[in-house]
Amino acid sequence: MLKISDSLKEIVEANSFFKFGLYNRLLNLSKLAAFVKPLIETRVKKEVGINAILMGLSRLQRENAQDIPKIEEFPIINLTVNSELCSINFFASSAVLENLNKVHAEIQKQKGYLTLSQGITEITMLINEGLIDTILNLMEEQPKSIKRGLSSLGLKFDAKYNDMPGFFYYVLQQVALQGISVYEISSTYTELILYIEEKDIKLAFDTLYNCFSKKDKASL
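Since this is a predicted model, take the numbers as computed values, not measurements.

Caption draft 1: Just the packing of aromatic side chains, in detail. Per the stated rule, a full pass over the model turns up five aromatic pairs. Look at F157 and F168: their rings are 6.1 Å apart centre to centre, the planes differ by 80°, and that puts the pair in the edge-to-face class. Linking F157 in strand β4 (residues 145-157) with F168 in helix α7 (residues 167-177), this pair joins segments that are 11 residues apart in sequence. Overall, F157 belongs to the buried group, its relative accessible area being 1%. With a centroid separation of 6.2 Å and an interplanar angle of 5°, the aromatic rings of F205 and Y209 are classed as stacked. Note that F205 and Y209 are positioned in helix α8 (residues 201-212) at a spacing of four residues, about one turn of the helix. Y209 sits in the buried class, given a relative accessible area of 14%.

Caption draft 2: Seen up close, helix α5 (residues 94-109). Counted at 1.5 Å a residue, the expected span for α5 with its 16 residues is 22 Å, and the 24 Å between its end C-alpha atoms agrees. L100 marks the point of greatest bend in α5, at about 35°. A positive phi of about 55° marks K111, the residue just after α5.

What counts, and at which threshold
Residues numbered from 1 in each chain as written. Predicted model: local features only at pLDDT ≥ 70, side-chain atom pairs only at ≥ 80, totals over all residues. Heavy atoms only, no water. Phe/Tyr/Trp six-rings, centres within 6.5 Å; stacked < 30°, edge-to-face > 60°. Helix = DSSP H or I, 4+ residues; strand = E, 2+ residues; numbered from the N terminus. Buried < 20%, exposed > 50% of the residue type's maximum accessible area, 1.4 Å probe, protein only. Expected span 1.5 Å × (residues − 1). Bend = angle between axes of the 7 residues up to and from the residue.

Keep in mind that these numbers describe shape and distance, not what the molecule does.
Written out as structure tokens, the structure reads:
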């Protein structure tokens, strides 16, 4: 039979809303205790008092709060924006793979924007919207999808954050809390690039600038 404390921890850890709200002290613990009471009773197969649950929640909040990275621990060195981009997705056929070199050469020739992501069955290119027809002619195959009206928001950060858990999560969390959808993501050793609809790019930029940037170094 499970203990009350073990059951409570499993419920909280399995629910991102509970976990985020509890560890960031955003939830009324009494209300949360009443809400999870029937869930715990189902697991432990007996009636459980509210006070016991409340004590367990307080303990979880106290024990885990110190493990949550603070936003100020992740200062971003620089933020950059590129507009009028689009995403083109292809099946990773042999013909598509053979034509990637021609695409890369043409974009370099025109000094355009290119981010290339290759998965097991698909290839996605982020390029300038003005190069769509040129790229489609070079690829010779119909794309699986095209998404226009995108902008990129690039974050430059210190290399030491590659080994610190939670950095990418915290960046994406701030954007998600604003109700902004991230259409694509790419990264390098010290860069994270989010691809967002152009209508949301200013809000995304302002959000990440206010949360993470070193105000004396971030570029506007």
